[in-house]
Structure formats: C-alpha cells, structure tokens
Amino acid sequence: MFDYIIMASKKDFERILERYLNGTASDQEIEWVEKWYSRLDSPIPNELDEKFLHAHDWQIIQKRIRKKNARTLFYWPSLAAAAAVLLIAVVFIYNINPGPAKSTSVKTSISSVEKEIVNESTVIKIFKLPDSSSVSLHPNSTIRISANFNQGERVVSLKGEAFFNVIRDEKQPFKVYTHDVISTVLGTSFTIKAPSAKEKIIVAVKTGRVAVSSNAGTLGSKKVKKQEVIVTPNQQAVFNPESKVLKATLVQDPVTLPKEDQTEQPKTREIFDEEPIINILQNIEQTYGIEIQYDEAILANCRITTAFLNEGLYERLDILSKAIGGTYRVEDTQIIFQSKGCLTSQ
C-alpha cells in the first residue's frame, strides 16, 4: 500500500523536517519522516529512483537545518557511503506497509536525533532520563528524548499521558512538546495528558511551577497569538485545540499539600471550637495552596464549631456553606466564597 504526500517545492519538504525536529509535526508527518529515513538504510527501488528522486549531498541538508538551529538529523553508519535523497518532484511516494511487528510491551529505538520509548503494555512503566529525572509512561503512550538532552536544554516530546518528576537544574530548563503546547520547568512534578492533536491537552501540577505555552496559529480566518499561563500545585493548564484557547483552572480533585519537611500528603484531623470562619477559610487556603476570595467585613461575626477528618476541599467548603447559609463557586484557579453574613456569632 502506498501513501501520497503532495508538495509544491523543496521548501515544503524542509518545513516538514523542521516541524519534526522541534516536536510540532502532525502524526502523519512524523510517520512520513520516519518512513522516509528508514528507507535510506536500504536500496531505493529503481523505478522510484528513476521516476521521482534525485541524489543530493547529505551535508547540504544538514547545513540548511543547522542554520535554523535545528538538531542534527538521523544518521546511519551506512549513510556515509550513500547519497541522501532530497525530494525535488512534486509528489513523493513511499511504502508504508511494514513487516510484522515484534510482540513486546515496551519498544525502544535510538538514533542520533532521539531515543523513542513506546509503552504498549497495559500498566504504567517508569523510566529514568539521562538527567536522573523520571517518567511514568501510561499505556499506549510514546515519549521521544532529544539526542541533545542535557546539553543546554532538556527536551522531550510526548504523545499520550505521562507523569514527570523532574530533577531541578536552573541552567538547563526541561521542556515537553505535546502537539501545539510546550511545558517548561526547572524542577517539579506534573502530569501531561495529550491523547491526540484533536483532543484537549491537560498539564496538571503536583509540585513546583510549570510555564505552559501554546503556539501561535489560526482559527478560521482569525490569527491566534501565542498564549502562556503559569500553573502551580492543584492547578492545571487546559488547551482546547478547537477554540485554540489556553486556560488555567483548578484540578478536578485538589489534594492537601505536603509541608516543606514532608514528602507525602498529610492526613488531616482538625478541630475548630467557636472559630471565626475567616480563620478556617485561611486554613483551607494554606492546606491546598488555593486562593479563596471572600468579604471579611460580611463574615466578621461568623464563628462555627466543626471538625475536618480527611474531608476533601469541596466537602470542607460544603460544611462551611451549610453552617452559615453561604455558597461558593470556582472561577479559573480561585474559589469565590459568599454569604450574607451572621447577625450574631454562631
């Protein structure tokens, strides 16, 4: 079976290579480039060579890519003795009918550009990166590690879902490319969900801070500017590929944050006796690292007696709301708590 990719010029060919190297290529383009390179390791069929292809010096391609600060392209030992193939026809045809796949749960392939890890199992697999950071790769997910990793920048690309626990290195930022979104950190832990280019991309932070940005693009005839948000624990960045909107929100189930001398989430048992509700709201803010907006003057006379025994964030807010007849709502990364107040202390 054959696939056809139609190009107007050599520029189109080079642009696909650039997108492949910086992690912004589409799934079809990624497959196309990898199939094209894999053919260089074996003789090209004569009929294709005569009809569609001409040989050019490989160093010319490398020189052009280096001018644009791209990483070095794939290089096989046998390539030094062979001329590289550069598309100059308007149609490039390649065979996409691979041989039988080996039955393995995790596939790893290495080239001079990147190392690719695919988790084909039904369980999460944990891998160590060259800088000792770890990646918990979910089933049916793929991560690509740059060959230049740990040389000024730590760059990987992800398709699927993974949890990253990144070793802090202020001199070498850690970047994860996922379709139209780039997540940049110095040292932190976070989860990225990026099933496909058509589905929402979610970056949820467990510890530290993550800068999440989306590429500039178009939405119909309208130009969309590059966007960026900073997300912290219990927050997530959500990119909608349909509306091209990047937004910071709270995660679905916020968790209590460990203190500086703790490595795990603390189990909480807190008792409040005739405590001002403002103090309890401030306690919740510190426990979850989430900002709560309220009117101090209206709540000044409100006091309650209650206890928290490992309830979640929203269960605690429900208790407070019922106690004084208040309400709350989530807006982006903060909570708005409202009440008519208390005439006398309760």
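Up top is the structure.
If you're wondering where the values come from, they're calculated on a predicted model, not measured in any experiment. (Residues numbered from 1 in each chain as written. Predicted model: local features only at pLDDT ≥ 70, side-chain atom pairs only at ≥ 80, totals over all residues. Heavy atoms only, no water.)

Enquirer: In this structure, what is going on with the packing of helix 5 (residues 277-288) against helix 7 (residues 313-324)? I would like to understand it.
Expert: The description of two helices packed together rests on the angle between their axes and the distance between the axes. The geometry of helix 5 relative to helix 7 is characterised by a closest axis approach of 11 Å and an angle of 170° between their N-to-C directions. What the angle tells us is that helix 5 and helix 7 run roughly antiparallel. Contact with helix 5, carried on its side by Ile-277, Ile-280, Leu-281, Ile-284, Thr-287 and Tyr-288, involves Leu-313, Arg-316, Leu-317, Leu-320 and Ile-324 of helix 7 and no other residues of that element. Of the residues assigned to the contact of helix 5 with helix 7, the class counts are nine nonpolar, one polar and one charged. (Axes fitted to C-alpha atoms, helices over the stretch in contact; angles between N-to-C directions. Helix = DSSP H or I, 4+ residues; strand = E, 2+ residues; numbered from the N terminus. Parallel < 35°, antiparallel > 145°, perpendicular 65-115°, else oblique. Contact = heavy atoms within 4.5 Å. Nonpolar A, V, L, I, M, F, W, Y, C, P; charged D, E, K, R; others polar.)

Enquirer: What exactly am I supposed to notice about the pairing of strand 11 (residues 174-178) here?
Expert: Taken across its five residues, strand 11 has five buried, putting it largely inside the fold. Burial along strand 11 is two-sided: the face carrying Phe-174, Val-176 and Thr-178 and the face carrying Lys-175 and Tyr-177 are both buried. Here four bridges tie strand 10 (residues 154-165) to strand 11, and the two strands are oriented parallel to one another. Directly across from Val-155, in strand 11, lies its bridge partner Lys-175. Pairing between strand 11 and strand 12 (residues 181-185): five bridges, direction antiparallel. Residue Lys-175 lies in a different strand from strand 12, and its bridge partner there is Thr-184. (Buried < 20%, exposed > 50% of the residue type's maximum accessible area, 1.4 Å probe, protein only. Pairing = 2+ DSSP bridges.)

Enquirer: Looking at this structure, how should I read the pairing of strand 9 (residues 141-146)?
Expert: The side chains of a regular strand alternate, residue by residue, between the two faces of the sheet. Of all six residues in strand 9, six are buried; the element is thus mostly enclosed. The side-chain alternation of strand 9 yields two buried faces, one formed by Ser-141, Ile-143 and Ile-145 and the other by Thr-142, Arg-144 and Ser-146. The sheet contact formed by strand 6 (residues 114-119) and strand 9 spans six bridges and is antiparallel. Residue pairing for strand 9: Glu-114 is matched across the bridge by Ser-146.

Enquirer: What is the right way to look at the sheet that holds strand 25 (residues 334-338) in this model?
Expert: Where strands meet in a sheet, backbone hydrogen bonds hold them as pairs that are either parallel or antiparallel. Across the sheet, three strands lie side by side as 22-25-24; this open sheet has mixed pairing. Of all strands in the sheet, those bounded by a partner on one side alone are strand 22 (291-293) and strand 24 (327-331). In this sheet, adjacent strand axes meet at a mean angle of 25° when their direction is disregarded.

Enquirer: Mind showing me how you'd approach the state of the cysteines here?
Expert: As used here, a disulfide is simply a covalent bond connecting the sulfur atoms of two cysteines. Applying the stated criterion across every chain, the model contains one disulfide. Sulfur-sulfur distance for the disulfide between Cys-302 and Cys-342 comes to 2.0 Å. Taking the sign of the torsion about the S-S bond as the criterion, the disulfide between Cys-302 and Cys-342, at about 105°, is right-handed. Of the two residues, Cys-302 is situated in the loop between helix 6 (296-299) and strand 23 (303-309) and Cys-342 in the segment after strand 25; the sequence distance between them amounts to 40 residues. Residue Cys-302 is classed as buried on the basis of its relative accessible area, which comes to 1%. For Cys-342, a relative accessible area of 6% corresponds to the buried category. (Disulfide = S-S within 2.5 Å.)

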